[in-house]
Structures are given as structure tokens and as C-alpha cells.
Amino acid sequence: MREHRIAVIPGDGIGPEVIREGVKVLETVSKKLGDITFEFRYFPWGCEYYLKNGQMMPEDGLEKLEKFEAVYLGAIGDPRVPDHVSLRELLLKIRFGFDQYINLRPVKLLEGVPCPLKNKGPKDIDFVVVRENTEGFYTGVGGRYKRGSSEYNRLAKIKKTFADSEKIVTQVGVFSSEGVERVIRYAFGLAKRRGGHLTCCTKSNALNYSMVYWDEVFKKVAKEYPEVKTDFAFVDAICMWFVKNPEFFDVIVADNLFGDIITDLGAMIQGGMGLAPGGNINPDGLSMFEPIHGSAPKYTGRNVADPIATIWAGQMMLEQLGEKKAASMIMKAIKKVLKDSKVRTKDLGGTSATSEVGDAIVESILKM
Ligand code: IPM
Ligand code: MN
């Protein structure tokens, strides 16, 4: 018997509703296979916790999580708390705190799912975005500088609007050789395992320091992977090709911010935010799995949100834990329910409840 200890953070908004279905599905595979069990420990952290305690998680929150093999997260965000506070103090704190430097986001259109792109089907949309997850514009480096301060004076020399302004505001993208190289190397490894090719997504035509550097590191690491075909594409062009020629892509590596942006577009071409999972991975440490959608406050408590992104994130968690068989059962069940097209939530044109989709996936696993 293999036991896995999972920390569950249902979070805010629809988070608890979708996580409930995810946990239900994990418990079902455990029951069905008989050789794995899960110990789920729930942490009631999030905006409600913040409103009561003045912080998103306790001071020793990260230490508490350290004892687990993985974190399973619903969603974070509530209109009563500024997003940059709630997210930086919980979601980003965990990503950075555990050095989860890979954000793995599969973009895969499954059969039975309506695709907004004309004449594109499951064969055309099947790629993975490897997003850097701990650096770049998310580092929180920058500031607001008032006229007269030394930083203001330094920046004011750059151009007239700066010099004419009351204040100058910066948000600096900070990249390290270690940080850039490890994510690119991971992406090459993945592309090699998939037998495919790797696209380097940057913006080195405009961002002359960070992205030119990124391209250089990519070329250097490419030499170690002669079997992986490579290409370069600017992030704006990638947006165009996601719509025009999504079949071109296999694995894409991008920095934190560009990876964030293109995966919302990726989610849409795979059928919507309700179907897009993600893993925040530290290959040598504690990883966290979550749907890439937010807390969707207006749907809270209505049992209408699509739980598939979260269930799929649970499937990715099992893969990371080395539970290949359990993971493939969940994937099969997700595919079956989507292909049958009988039970589906409103985002996919259906009328089923969140819990009914979870039930259908459970049922499909039990029949295997
Ligand atoms: C995501 C989200 C987060 C991000 C936000 C909520 C901070 O959009 O996981 O993609 O930008 O990383
Ligand atoms: Mn995002």
C-alpha cells in the first residue's frame, strides 16, 4: 500500500466546489485500485481567513505544507481583498517558497469539446506550455519614485515624459542564469520525451536584455539536445499562431508573464478555462496542482462551475507522484465523459451541476 499525504487548499469562490470533485475522484481511484491511499489535510487559507486574521495563511504556513508530498489548490481571490495582496501572499508565496520553477500547462483539446477555432480538432490542438514560475516580472522588484528621489533622478534622464512627471514607477523583470537555464533544460527534456519539437517564446526584438539573454541560453542548451528540433517565436506571433496554426506547436517554453498570458489563450482553444489544468512543479521538491482559472466569485456556491480543470490537475498530481496507472484512469474517465457529451456544465453548453460532472467521472472510473 502506498500512502500519499496531500495538503488541500480549497481557497475562495468556486475553489471549494471544484476541489470537492477533485478529491472525490482521487478517492475513487484509490478505492478502485486498492493499492494507494491518500491522506488529505485541509487548510482553510484564503481571503475569508485573511478577513478574519489579517493574513492569507499563518506565519508558519509554508512549514506546515513542507510535511506533504503535494499541494492541491482550488482557487484564490475575492472582491473584498485586493488581488495583488491575496495572490502574492498565498499562491505566489507557495510557488516561490517551494521554488516551483516549472509551471506545466497542457493545452489539449479533447474529443467532444467544442473548439472556437474553425476546422480545428483534437489532432490539431495538443501541446504543452512550460512556463517559468519564479522569476521575471513576478519577482516583485520595482517601486514608485517621487520627483527628487535618487532613483527618480536616475530614471528621469532616460526620456522627457519621465522628467516631466511627478512620479516614476517601475516593475522590473528579473532573470537569473540559474532560473532561465533550468526551465529551458526541463522543456528540452520534455520535448525529447514527447519526441517533438520545442519553441522558444520570447520577445527579443523589443526586450533587449532579458529576452535576448533568454534566446542565448536556449541556443546554448539546445546543443545538448541535438534530437530536439527547435524554433523561435515572439510572444505576439505565438498568439496569432495559436489561433491560425495550433497544430504547429508541441512544447513551448516561456517566461513567467508571457507564459501566463498565452496559457489563457491556450485554455480557450482547448475549450475554455473550465478545462485547463496546471502544475507548479519543483522536480526535486514539493509541487502544487491547480486549475488555471480563478475563483469566479459570481458563480460561487451555485454548483455550476466546471470541475474538470481541477480533476485534471489532480491527474497531473498523480503523474508527478509516480502513480501512472491511477493518473491514466482519471484521464480516460475525463475523456469518456467529455466524449459522451451527456453530462456537462454550462461552459460547455450543458446544464449539469459541478457535482454531477464529478459523479460521472467517478462512475466511469468505477466501471473500468
Ligand atoms: C495563473 C494566474 C496567476 C498568475 C495570478 C492569479 C497571479 O493568472 O495562475 O495563471 O498570473 O500566475
Ligand atoms: Mn493566468
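So, here's what we can say about the structure. On a predicted model such as this, the values are computed, not experimentally measured, just so you know.

Bringing the packing of aromatic side chains into the picture now. Summed over all chains, the structure comprises 11 aromatic pairs. A centroid spacing of 5.0 Å and a plane angle of 40 degrees characterise the contact between F188 and F218, whose relative ring orientation is tilted. Pair noted here: F188 is in helix 7 (residues 177-194) and F218 is in helix 8 (residues 210-222), with a separation of 30 residues, a long-range link. Just as F188 is buried, F218 falls in that class too. Judged by centre distance (5.1 Å) and plane angle (70 degrees), the rings of F218 and F232 are edge-to-face. Residue F218 is found in helix 8, and its partner F232 is found in strand 9 (residues 229-234); the two are separated by 14 residues along the sequence.

A separate point is the site of ligand 1. Around ligand 1, a shell composed of L87, R95, R105, R131, Y138 and D260 is seen. In the environment of ligand 1, an oxygen atom lies 2.6 Å from a nitrogen or oxygen atom belonging to the side chain of Y138. Computed on the free molecule, ligand 1 has an accessible area of 310 Å², of which 77% lies beneath the protein chains in the complex. Looking at the shell around ligand 1 residue by residue, the classes come out as 2 nonpolar, no polar and 4 charged.

As for its position among the elements, P116 is in the loop between strand 4 (102-108) and strand 5 (126-132). A relative accessible area of 58% places P116 in the exposed class. Along the chain, P116 and L87 lie 29 residues apart, while their C-alpha atoms are 30 Å from each other. When near neighbours in sequence (up to four residues on either side) are disregarded, P116 contacts M268 and I269.

So, how was this worked out
- Numbering of residues starts from 1 in every chain and runs along the sequence as written.
- Throughout, the order in which chains and ligands are written sets their labels, letters from A for the former and numbers from 1 for the latter.
- Only residues with pLDDT of at least 70 are given local features in this predicted model, and only at 80 or more are side-chain atom pairs given and counted; all residues enter the totals for whole chains, interfaces and linings.
- Side-chain numbers here rest on the full set of heavy atoms in the structure, without hydrogens or water.
- Stacked, edge-to-face and tilted labels apply to pairs of Phe, Tyr and Trp rings (six-membered ring for Trp) whose centres lie within 6.5 Å, assigned for plane angles under 30 degrees, over 60, and everything in between, in that order.
- Labels follow the DSSP assignment, with helices taken as runs of H or I lasting at least four residues and strands as runs of E lasting at least two, numbered in each case from the N terminus.
- Here's how the labels work: a residue is buried when its accessible area is under 20% of the maximum for its type, exposed when over 50%, partly exposed in between, all with a 1.4 Å probe on protein chains only.
- Think of it this way: one heavy atom of a residue within 4 Å of a molecule or strand is enough to make that residue near it.
- Under the rule applied, a polar contact is a pair of N or O atoms within 3.5 Å (in protein, one hydrogen donor and one hydrogen acceptor; residues adjacent in sequence only if both atoms are side-chain atoms).
- Throughout, the Shrake-Rupley method with a 1.4 Å probe supplies accessible areas, and for residues the shown protein chains are the sole cover considered.
- Residue polarity is assigned by list, with Asp, Glu, Lys and Arg as charged and Ala, Val, Leu, Ile, Met, Phe, Trp, Tyr, Cys and Pro as nonpolar; anything else, Gly included, falls into the polar class.
- A contact between two residues is defined here by any heavy atoms of the two lying within 4.5 Å.

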